[in-house]
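Close look at the chain arrangement
Spelled out from the first residue to the last, the chains are:
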Amino acid sequence: MAAILRLGDSLKAMLGKESEYTVEPGRSVRETIIALGIKPELVAMVSVDGEMQTKNYIIRDGDAIRILAVIGGG
């Protein structure tokens, strides 16, 4: 079984990437986003099944992962 990784709207727009990916379990969120061509420093928040996690979270079967971008202002 796989997991689903969803990009937040601002991250999707910033990177011009798809909004949803099917990813294999067993790797960290950090390793997975790097493999997708996303720089970890662009990711401010990781949510797995509605709970906050770090980028070091190891993905499990059936996880629903959402990542949101760092948003600057001024």
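Reading the values: the criteria
- Residues numbered from 1 in each chain as written.
- Predicted model: local features only at pLDDT ≥ 70, side-chain atom pairs only at ≥ 80, totals over all residues.
- Heavy atoms only, no water.
- Helix = DSSP H or I, 4+ residues; strand = E, 2+ residues; numbered from the N terminus.
- Rg over C-alpha atoms; globule rule 2.2 N^0.38 Å.
- Buried < 20%, exposed > 50% of the residue type's maximum accessible area, 1.4 Å probe, protein only.
- Areas by Shrake-Rupley, 256 points an atom, 1.4 Å probe, with all protein chains shown as cover.
- Lys, Arg positive; Asp, Glu negative; His and termini not counted.
- Charge placed at Lys NZ, Arg CZ, Asp CG, Glu CD.
- Contact = heavy atoms within 4.5 Å.
- Pairing = 2+ DSSP bridges.
- Axes fitted to C-alpha atoms, helices over the stretch in contact; angles between N-to-C directions.

1. Focus: the overall build of the protein chain
Along its length, the protein chain carries 2 helices and 5 strands. Shown N-terminal to C-terminal, the secondary structure of the protein chain runs as helices and strands in the order β-α-β-α-β-β-β. Relative to its length of 74 residues, the protein chain is compact, with a C-alpha radius of gyration of 11 Å against a globular reference of 11 Å. A principal-axis box enclosing the C-alpha atoms of the protein chain has dimensions of 40 × 20 × 20 Å. Residues counted as buried form 32% of the 74 residues belonging to the protein chain. Taken as a whole, the protein chain presents about 4,400 Å² of accessible surface, with 50% of it coming from carbon and sulfur. Seen as two clouds, the 9 positive and the 10 negative side-chain charges of the protein chain have centres 7 Å apart.

2. Topic: the side chain of Ser28
By the element assignment, Ser28 lies in the loop between strand 2 (20-23) and helix 2 (29-35). Other than its neighbours up to four places away in sequence, Ser28 contacts Lys55, Asn56, Tyr57, Ile58 and Ile59.

3. Let's talk about the sheet that holds strand 2
As summarised here, the arrangement of the 5 strands in space is 2-1-5-3-4, forming an open sheet in which the pairing is mixed. Looking at which strands have only one partner, the edges of the open sheet turn out to be strand 2 and strand 4 (51-53). Neighbour-to-neighbour, the strand axes of this sheet turn through a mean angle of 30 degrees, independent of strand direction. For strand 3 (residues 43-48) and strand 5 (residues 64-69), the ladder comprises 5 bridges, and the chain directions are antiparallel. For Met45, the partnering residue across the bridge sits in strand 5 and is Leu68.

4. So, unusual backbone geometry
We note that Asp49 has phi near 50 degrees; this positive angle belongs to a residue other than glycine. Mapped onto the secondary structure, Asp49 falls in the loop between strand 3 and strand 4.

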